[in-house]
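# Inside the fold
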Amino acid sequence: MSATNCLLTEEQLLCSICLDVFTDPVTLPCGHNFCKNCIMQHWDSNTLCQCPSCQEPFYKRLDLRVNIFISEMAAQFKQAAGRSSSGQQAAKSGEVPCDICTETKMKALRSCLVCLASYCEAHLKPHLTASRLKRHQLIDPVENLEGRMCMIHDKPLELFCKTDQTCVCMLCPVLDHKSHEVVPLKEQVERKKAELGKTEAEIHRMIQERRLKIQDIKHSAKLSKEAADREMADGVQVFSALIQSLERVQEELIGMIDEKQKATEKQDKSFIQELEQEISELMRRRAEVDRLSRSKDHLHFLQTFSSLDVSLSTKDWTEVSIDPPSYEGTVRTAVDQLEETFGKEMKRLLHEAELNRVQQFAVEVTLDPDTAHPALILSDDRKQVCHGNTKKNLPDNPERFNPSCCVLAKQSFSSGKFYFEAEVKGKTRWSLGVAKKSIKRKGIIPLCPENGHWTMWLKNGDDYAALVGSPLHLSLNSKPEKVGVFVDYEEGLVCFYDVDAAALLYSFTGCSFTEEIYPFFSPGLNEGINSAPLIISPVIHTNFLKR
């Protein structure tokens, strides 16, 4: 039997419902075993009568009988595991043992502060039945009961001396702690638990702060990685484009030299072919002269000789100059031209990469009708504005521009970066940019940073200027049809881009933003040739470098 006990494991004898060693085990037709009470309760709480392990259904409630063999095995395991016949368990490491048990120390259920002993279920019964012992103070099982007794009066420590900050018995305040402030242990514990609650709340707050800090750091790390990835991607694309440009110039240079060399070879081949033909003709004539010189037929000699006096139709090769082409300086000239082209190309690619980067900060922008001059006409979706010549009868609220024909966006920004685009195709006048919230709305106010505006304009169809105080006229290579505006609030930066050309038009730097700023729009007066609307267009993230 000892060999059998060695083979038993708790996993083999566990009921899968209560997860404890079998009590009155029963076996279902499918072969799975359960405690009888567990399987009956399981079936009582379910509409279907089936096995909980394999889900095999049974069409009627089974008449279950205890499996005697498994029951005996479970009993042997419980005994080997230190469980008494009454269900008591032997005390394990870290558990309080019964002080009365002599052989196997059972697990204590309660400790008595009067007897200074701990009792298992069996030995605790007198304290629950005997009237004299019922008056004893029972507590959850603890070790070192002597430490819970007053060493002077041999009484339980039931009070707390706040003066000496120590636990005392009922006699201590009378004999050794006179005039001291003494309270019951429970009262002192409640006070300390209240303090502990505050400490726990503070610790919880500190934990939350640190978790939030971790989130901030992770978010910052994510943004940093995203920025690094974007920059690396832009760098790879820029340098790939430059390498392609170099390879293209190299190919053109090699092609030019090769074409020049092939032309020279073709000319040389033509000359050689012509010379060889003349040599063949001369050799044929020389053979005729040789035969004639050996002729003894005087009549034939004279008749043939007269035909030899006719001049041969050959070229005067002394006038032909065969000079090999010079390739010296070809590479240097190509490199000099490449240097100039390379500089322009690199600047273009950098501007394209920059525009592609700032487009990542595109935001939704709509026009605010409460700020629009009465003569401005806004579309229903608040994405278009044009001048209508006729003023509408609108309330002159403080936010509305008058008499300047301007309008602000509904959205404002007080931190971070943002970008938007406006279509100006077909217009001869417009103003575009950002303005701070506190700008003056009434009267004619010059657009300039000093007055809270960071804008640029088009006047007279071709006069582009950055409004830095007095207009700073801009010389542009092309006429923008779509203008992008990028703002970095913390850096104090406002940039304007020709979106289609991917060219930087102008940058305001060192701007001092101390309040909310709004996208600013003015479609210009409708003078018959400026009727096209100024349109807030959706930002299409174009990879210029792959175009």
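Residues numbered from 1 in each chain as written. Predicted model: local features only at pLDDT ≥ 70, side-chain atom pairs only at ≥ 80, totals over all residues. Heavy atoms only, no water.

### A closer look at the packing of aromatic side chains
For the structure on display, the rule yields 11 aromatic pairs. Ring centres 5.3 Å apart and planes at 35° place the aromatic pair tyrosine 489 and phenylalanine 513 in the tilted group. Of this pair, tyrosine 489 sits in the loop between β17 (482-488) and β18 (493-498) while phenylalanine 513 is found in the loop between β19 (503-508) and β20 (517-522), placing the two residues 24 residues apart along the sequence. Accessibility expressed as a relative area gives 10% for tyrosine 489, which makes it buried. Grouping aromatic residues by their ring pairs yields a cluster made of Trp454, Tyr489 and Phe513. (Phe/Tyr/Trp six-rings, centres within 6.5 Å; stacked < 30°, edge-to-face > 60°. Helix = DSSP H or I, 4+ residues; strand = E, 2+ residues; numbered from the N terminus. Buried < 20%, exposed > 50% of the residue type's maximum accessible area, 1.4 Å probe, protein only.)

### Let's talk about the nonpolar core
One finds Trp430, Val494 and Phe521 to be the most contacted residues of the largest nonpolar core, which totals 37 residues. Residues contacting valine 494, with those up to four places away along its chain left out, are Val434, Trp454, Val485, Phe486, Val487, Tyr506, Ser507, Phe508, Cys511 and Phe513. Residues Val21, Ile39, Cys49 and Met73 belong to the second largest nonpolar core, which totals 19 residues. (Core = buried A, V, L, I, M, F, W, Y, C linked by side-chain atoms within 4.5 Å. Contact = heavy atoms within 4.5 Å.)

### Re unusual backbone geometry
A cis amide bond, omega 15°, links asparagine 402 with the succeeding residue proline 403. Of note, proline 403 is situated in the loop between β10 (384-387) and β11 (407-408). One non-glycine residue, leucine 116, lies in the positive phi region at around 55°. Leucine 116 gets classed as partly exposed once you look at its relative accessible area, which sits at 24%.

### Points about the pairing of strand β13 (residues 430-436)
Taking burial as the measure, the 7 residues of β13 include 6 buried ones, the bulk of the element. In this sheet, strand β14 (residues 453-459) lies alongside β13 in antiparallel orientation, the contact comprising 6 bridges. Looking at β14, one finds that leucine 432 is bridged to methionine 456. (Pairing = 2+ DSSP bridges.)

### Considerations on the UniProt feature "coiled-coil region" (unreviewed entry) in the protein
If you check UniProt for "coiled-coil region" (unreviewed entry), the listed places come out as residues 246-292 in our numbering. Secondary structure over residues 246-292 splits into 100% helix and 0% strand, and the C-alpha atoms at its two ends are 68 Å apart. (UniProt positions renumbered as here; feature names shortened; annotations may be inferred.)

### Focus on the pattern of salt bridges
Under the criterion given, the structure shown has 18 salt bridges. For arginine 110, the salt bridge is made with aspartate 140, and the minimal N-O distance between the two is 2.9 Å. Taken together, the residues span a long stretch of sequence, with arginine 110 in strand β3 (residues 110-112) and aspartate 140 in the loop between β5 (138-139) and β6 (159-161) at a distance of 30 residues. Relative accessible area serves as the criterion here: at 28%, arginine 110 is assigned to the partly exposed category. Residues arginine 210 and glutamate 209 are paired through a salt bridge, measuring 3.9 Å at the closest nitrogen-oxygen approach. Look at arginine 210 and you get partly exposed, because its relative accessible area is 47%. Within this structure, Glu202, Arg205, Glu209 and Arg210 form a network of salt bridges that share partners. (Salt bridge = Lys/Arg side-chain N within 4 Å of Asp/Glu carboxyl O.)

### With respect to the packing of helix α7 (residues 185-293) against helix α9 (residues 330-358)
Between two packed helices, both the angle of their axes relative to each other and the distance between the axes serve to describe the pair. Interaxial distance between α7 and α9 falls to 10 Å at its minimum, and their mutual angle equals 155°. Taken together, the axes of α7 and α9 are roughly antiparallel relative to one another. In this structure, α7 meets α9 at a crossing whose hand is right-handed. Across the interface between the two elements, Glu231, Asp234, Val238, Ala241, Leu242, Ser245, Leu246, Val249, Leu253, Met256 and Ile257 of α7 pack against Thr330, Val331, Ala334, Leu338, Phe342, Glu345, Met346, Leu349, Leu350, Ala353, Asn356 and Arg357 of α9. By residue class, the composition of the contact of α7 with α9 is 16 nonpolar, 3 polar and 4 charged. (Axes fitted to C-alpha atoms, helices over the stretch in contact; angles between N-to-C directions. Parallel < 35°, antiparallel > 145°, perpendicular 65-115°, else oblique. Left-handed = near helix turned anticlockwise from the far one by under 90°. Nonpolar A, V, L, I, M, F, W, Y, C, P; charged D, E, K, R; others polar.)

### Here's the deal with the sheet that holds β6
The 3 strands lie next to each other as β7-β6-β8, forming an open sheet whose pairing is antiparallel. Both outer strands of the open sheet, β7 (166-168) and β8 (182-184), are each paired with one neighbouring strand and no more. Strand-to-strand, the axes of this sheet are offset by a mean angle of 35°, without reference to chain direction. Relative to β8, β6 runs antiparallel, the two sharing 3 bridges. Across the sheet, residue cysteine 161 finds its bridge partner in β8, namely valine 182. Its contacts with the sheet put α7 on β6, β7 and β8, and the angle it makes with β8 is roughly 85°.

### Some details on the environment of valine 189
By secondary structure assignment, the location of valine 189 is in helix α7. The exposure class of valine 189 is partly exposed, given its relative accessible area of 39%. With 29 residues separating them in the primary sequence, valine 189 and phenylalanine 160 have C-alpha atoms 9.3 Å apart.

### Digging into the sheet that holds β20
Pairing is antiparallel in the open sheet, where 6 strands are placed in the order β11-β20-β13-β14-β15-β16. Each edge of the open sheet is held by one strand with a lone partner, namely β11 and β16 (471-474). Sheet topology note: the β11/β20 ladder contains 2 bridges and is antiparallel. What sits directly across from leucine 408, in β20, is phenylalanine 520.

### Concerning the state of the cysteines
Applying the stated rule across the entire model yields 0 disulfides. Not part of a disulfide, cysteine 169 finds its nearest cysteine sulfur in cysteine 172, a span of 3.5 Å. (Disulfide = S-S within 2.5 Å.)

### What about the pairing of strand β21 (residues 534-537)?
With burial as the criterion, each face of β21 is covered, one bearing Leu534 and Ile536 and the other bearing Ile535 and Ser537. Across 2 bridges, the pairing between β10 and β21 is antiparallel. When the bridges of β21 are listed, glutamine 384 appears paired with isoleucine 535.

### Section: the side chain of histidine 453
Its location among the elements puts histidine 453 in strand β14. At a separation of 3.3 Å, a polar atom in the side chain of histidine 453 contacts the main-chain carbonyl oxygen of asparagine 451. Apart from residues lying up to four places away in sequence, histidine 453 is in contact with Val434, Ala435, Ile439, Ile445, Pro446, Leu447, Cys448 and Phe520. (Polar contact = N/O pair within 3.5 Å; in protein donor to acceptor, adjacent residues only side chain to side chain.)

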